Amino acid sequence: MNEAPQGAPQHAPQDAPQGALQNLLDLLDLERIDLDIFRGTSSAAPLVPRVFGGQVAAQALVAAGRTVPADRPAHSLHSYFLRPGDPDAPIVYTVDRIRDGLSFTTRRVVAVQHGQPIFHLSASFQRHEEGLEHQEPMPDVPDPLSLPTGEELLPRYAHLFSGPSVIERMLETRAAIDLRYVDAPPYASVGEPREPKSQVWFRTNGKLDGAADDPLTHLCLSTYVSDMTLLDSVLLAHGRGGWVVGDIVGASLDHAMWFHRQFRADEWLLYDQESPSASGGRGLAKGRIFTADGQLAVSVIQEGVMRVPRAAKPS
């Protein structure tokens, strides 16, 4: 089969603030070191000395997509986080070409650091087909431009955070993404259990054009963002503020996504999230990503470790 591998961005738009979007695009621009072997760099998660899970998932999808013909976009991925990633070491992604069918292509990716697998992903790609159509309706929510930005929201709750540098690190980590909460985030509701639902609007902080405006790039950027807030709904159910407050210790365990319809990551997307269950030191959350005109673009499910630190447990 003659392949036209799907690419990854080479250039960011000029209006990306302080080069943050370009830095994110650079993280997704993996180095090809052999036919099906790629290498990526990392950035540390904002509050813990490990690689952000959304970055590893997005990079693994880039690696898989670069071995698939460009006319077959990803329609699903299923993944497991196996070990914490070291932000100071490169990550090597090995792609196995499991299946190349008439309609579907399947890839398996293993991410390795220090000789050990840290992440495993299986992704399926499909040639475009016409078929049955239906979807759930989009929730009724405020316009994103009417909601506070992270720069406006975070300082209001600085007194709750686990350290004075939390705001700076959070803003730096999310500088490439304009992310706005529809309702108060978990750290604003410490000690006040709420309905286990959370909604955010998001888009990249800058338009994607040229080499950056690639279908795989938009999928990978949504994969990156999908790990940022999905477990918020679990926290809300128990009145926990999360990692920025220090009353929860946790990490993503697995992550699954289904890409239903085309979308752009540089246009507003609504991430509607809820948690149906928490038990055994784990919390489950599911999300739906809608375009601004109401199209259901992506479905997401994730389970994470959610442990209450000993000092934070009630006496």
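Rules behind the numbers
Just so you know, the residues in each chain are numbered from 1, in the order the chain's sequence is written. Only residues with pLDDT of at least 70 get local features here, since the model is predicted, and only at 80 or more are side-chain atom pairs given and counted; chain-wide, interface and lining totals rely on the full set of residues. Excluding hydrogens and water, the side-chain figures rest on all heavy atoms present in the structure. UniProt positions are given in the numbering used here, feature names are shortened, and annotations may be inferred rather than shown by experiment. Numbering of helices and strands runs from the N terminus; a helix is a DSSP stretch of H or I covering at least four residues, while a strand is a stretch of E covering at least two. Three labels apply to residues, based on accessible area from a 1.4 Å probe with only protein chains included: buried if under 20% of the type maximum, exposed if over 50%, partly exposed otherwise in between. Note on pairing: DSSP must find at least two bridges between two strands before they are called paired. Note on method: axes are straight lines fitted to C-alpha atoms, helices fitted across the in-contact stretch only, with angles between N-to-C directions ranging 0 to 180 degrees. By definition in these notes, contact holds between two residues if any of their heavy atoms fall within 4.5 Å. Note on scores: pLDDT gives the predictor's confidence for each residue, bounded by 0 and 100.

As recorded in an unreviewed UniProt entry, the chain goes by the name Acyl-CoA thioesterase 2, listed as coming from Streptomyces bingchenggensis. The record held by UniProt for the chain lists under Subunit (unreviewed entry) the comment "Homotetramer." Its UniProt record gives the chain a comment under Catalytic activity (unreviewed entry), which states: "a fatty acyl-CoA + H2O = a fatty acid + CoA + H(+)".

J.: Help me understand the UniProt feature "domain: Acyl-CoA thioesterase 2 C-terminal" (unreviewed entry) in the chain, please; the structure alone is not making it clear to me.
T.: As annotated in UniProt, the feature "domain: Acyl-CoA thioesterase 2 C-terminal" (unreviewed entry) corresponds to residues 195-305 in the numbering used here. Along residues 195-305 one finds 16% helix and 45% strand; the C-alpha atoms at either end are 20 Å apart.

J.: Please explain the pairing of strand β2 (residues 37-40) as it appears in this structure.
T.: Where a strand is regular, its side chains alternate between the two sheet faces. Side-chain alternation along β2 places F38 and G40 on a buried face and I37 and R39 on a face that remains uncovered. Note: strand β1 (residues 31-34) against β2, three bridges, orientation antiparallel. From the neighbouring strand, R32 faces β2, where its bridge partner is F38. Sheet topology note: the β2/strand β4 (residues 91-100) ladder contains four bridges and is antiparallel. Along β4, the bridge assignment pairs I37 with T94.

J.: Would you mind going over the sheet that holds β1 with me for this structure?
T.: Picture the strands of a sheet paired through backbone hydrogen bonds; they go either parallel or antiparallel. With respect to topology, twelve strands assemble into an open sheet ordered β1-β2-β4-β5-β6-β3-β9-β12-β11-β10-β8-β7, the strand pairing being antiparallel. This sheet does not close on itself; its edge strands, each paired only once, are β1 and β7 (177-181). Going across the sheet, the axis of each strand differs from the next one's by a mean of 25 degrees, ignoring polarity. As defined by bridge partners, β7 adjoins strand β8 (residues 197-204) across five bridges and the pair is classed as antiparallel. Counted as the bridge partner of I177 is T204 from β8. Against the sheet, helix α2 (residues 53-65) touches β2, β3 (74-81), β4, β5 (104-113), β6 (116-126) and β9 (249-259), its axis set at about 50 degrees to β6.

J.: Please explain the confidence of the model for the chain as it appears in this structure.
T.: Regions with low pLDDT should not have their predicted coordinates read in detail. Predicted confidence across the chain gives a mean pLDDT of 90, with 91% of residues reaching 70 or more. Taken as a whole, residues 1-5 scores under 50 in pLDDT and shows eleven contacts with residues more than four places along the chain or in a different chain.

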